[in-house]
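Architecture at a glance
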Amino acid sequence: MSSQGAAARSKPHNARVSDKHLRRVRMLLLLGSALVIVIGLGWGVFFAMRAKWVPVGVDVLLVGTGIAAACLTHRGRLKAASVTALGALFFVICGICITMDIPTYTTPRSTHHFLLALGACAYLLFRGESAWLRLGFPIAFFIAFIIFGSSFAGWAESPYLLPADVRVTGTWSNNILSIVTLCLVLHIMQADITARNAMESDLRAAVAQDQFILHFQPQMGEAGEVIGAEALVRWLHPERGMIPPGKFIPVAEESGLILPIGDWVLKKACTQLVAWAQDPATAGLTLAVNVSAHQFRQPDFVAQVMAIVERSGVQPARLKLELTESMLVKDVEDVIGKMSQLQARGVGFSLDDFGTGYSSLSYLKRLPLDQLKIDQSFVRDLLSDPNDMAIARTVVSLGQSLGLSVIAEGVETEGQRNWLSANGCHAFQGYLFSKPLPIAEFEAFTRRRHGDAQAQQPAAAVSAQPA
Ligand code: C2E
Ligand code: CA
Ligand code: CA
């Protein structure tokens, strides 16, 4: 039984790609939409003058698709824009190849050349998306390209066959336009590779020169007390200033640099916990550390963690490792084995971004977890979206039935906090309380809250005394 199947929501992949890449993709989509509109209008007029109304209808559809794709791009819905534009172009180009652009011994077919350029385009636009988009679209385009490029496939008796002179001119313009599109796609790919290589070598230097710092986001209990924190890494770049993890963790993961970075984060977190143990205001805090899939899959992950824990002298129960659902679906037995070994030594586990992946209830039950973390995408529209309400409620009751605590992340308003609290979620993390803070500010925040709580306690004790 899938607990989250219907509710599953993918994390925005945009977070994984650079701003420059997004700008280039946006430009490519806008240019593509404009091209679709111009081509649709041009052929629409051409066929209208010859009173061929079926192709005119197709051209009107093409213009509509171009406008829809441009609007979606403008609104930032790049995936929807890509699916709309590429899907429509695939069918229109195949349709043209079958009914209008049939090769003869004197004039070759040329419309299918767009399929090659658009296949490459699909590969670029769907980078980081699910396999059926990332591979399905390019494969469909390339197969159609091979079929139309290698055969006379088509409807020889079609009433819409283009006149020979039009096809000769069309061959030139189709070939030039498809090569221009291909060059543009290759340029974007090359620019991405260059940017990625530059980031990777900067990141390598950052690891060697220790350019990272940890920020701490408070995790709050029902009474407004700080119960712990999540450690979030930042890169202090000597020229570019502070770079958020969303911008460099993906490159660190692809390049394997996440291993030394993750190791640094874990060591730093344990050192911090040991320091906190000396102060009554911070001694009871737990610290959550994000673990990447690459790190967790290391055969000696358990030994690495335990070595750091033992060397630092931290109480393992204060440390909580955050894993994401997607990390847990492959090689379940290995995952359970590693988690169980660490849990036996006292280390806790929280399931991060819960609800965005696909967890089966039966196997969730087997994972030695301590906590579920409701993903911020469900908290954001909690009060206005009934689906998000239902998901949050489901996660809470799932936690209750599995005996796990539940924390909500991305809590930004009192309304969200109150709803969560009324529905059984009693731990919170989000901007409502605090952004992730540098260590000194985090400790000041915690001491303030600790002081407030202590000031309230005697008052509460006095007011509870019989008159
Ligand atoms: P995450 O683990 O889901 O962390 C929560 C992110 O949400 C943090 O972004 C945090 O600043 C942000 N956030 C917290 N409260 C709110 C809120 O109320 N509203 C909104 N809109 N956002 C909120 P940040 O620090 O940029 O981290 C992004 C991601 O980078 C993290 O997502 C995590 O996946 C990754 N990351 C951060 N530190 C590490 C690390 O040490 N190791 C690994 N492997 N990944 C890390
Ligand atoms: Ca996290
Ligand atoms: Ca999260």
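For clarity, every value in this text was computed on a predicted model and none was experimentally measured.

1. Brief notes about a nonpolar patch on the surface
A contiguous nonpolar surface patch, about 470 Å² in accessible area, is contributed by Tyr-123, Leu-135, Ile-139, Ile-143 and Ile-147. Ranked by the residues each element gives to the nonpolar patch, the list is headed by helix α6 (residues 136-150), at 3 residues. With respect to the helices and strands, Leu-135 occurs in the loop between α5 (131-134) and α6. The exposure class assigned to Leu-135 is partly exposed, which follows from its relative accessible area of 39%.

2. Regarding the domain arrangement of the protein
Per the domain assignment, the segments of the protein are domain 1 (3-197) and domain 2 (212-464). For domain 1 and domain 2, the distance between their C-alpha centres works out to 44 Å.

3. Comments concerning the coordination of the calcium ion (ligand 2)
Only Glu-230 (OE), Asn-290 (OD1), Glu-322 (OE) and Asp-352 (OD) from the protein reach the calcium ion (ligand 2) as donors, at distances of 2.2 to 2.3 Å. Mapped onto the polypeptide sequence, the residues donating to the calcium ion (ligand 2) form the spacing pattern E-x59-N-x31-E-x29-D. In this structure, the calcium ion (ligand 2) lies 3.9 Å away from the calcium ion (ligand 3), the two metals sharing Asp-352 as a donor. A residue pair is termed long-range when its members are at least 10 positions apart, and Asn-290 in strand β4 (residues 286-290) and Asp-352 in strand β6 (residues 348-354) qualify at 62 residues.

4. Digging into the coordination of the calcium ion (ligand 3)
Those protein atoms acting as donors to the calcium ion (ligand 3) are Asp-352 (OD), Asp-353 (OD), Glu-409 (OE) and Glu-409 (OE), and they sit at 2.2 to 2.6 Å. When the donors of the calcium ion (ligand 3) are listed by position in the chain, the intervening gaps give D-D-x55-E.

5. A few points about the pairing of strand β8 (residues 405-409)
Most of β8 sits inside the fold, with 4 of its 5 residues counted as buried. Here strand β7 (residues 371-374) pairs with β8 via 4 bridges, running parallel. Residue Gln-371 lies in a different strand from β8, and its bridge partner there is Ser-405. Pairing of β8 with strand β9 (residues 427-429), which is carried by 3 bridges, proceeds in the parallel orientation. Of the residues in β9, the one forming a bridge with Glu-409 is Gln-429. Note that the unit made of β8, helix α17 (residues 414-422) and β9 has a crossover that is right-handed.

What counts, and at which threshold
Residues numbered from 1 in each chain as written. Chains lettered and ligands numbered in written order. Predicted model: local features only at pLDDT ≥ 70, side-chain atom pairs only at ≥ 80, totals over all residues. Heavy atoms only, no water. Patch = residues over 30% accessible without salt bridge, like charges linked within 9 Å, V, L, I, M, F, W, Y side chains within 5 Å. Areas by Shrake-Rupley, 256 points an atom, 1.4 Å probe, with all protein chains shown as cover. Salt bridge = Lys/Arg side-chain N within 4 Å of Asp/Glu carboxyl O. Helix = DSSP H or I, 4+ residues; strand = E, 2+ residues; numbered from the N terminus. Buried < 20%, exposed > 50% of the residue type's maximum accessible area, 1.4 Å probe, protein only. Domains from an automatic or database assignment. Donors = N, O, S within 2.8 Å, 3.2 Å for Na, K, Ca; no water. Pairing = 2+ DSSP bridges. Right-handed = clockwise from strand over helix to strand, strands pointing away.

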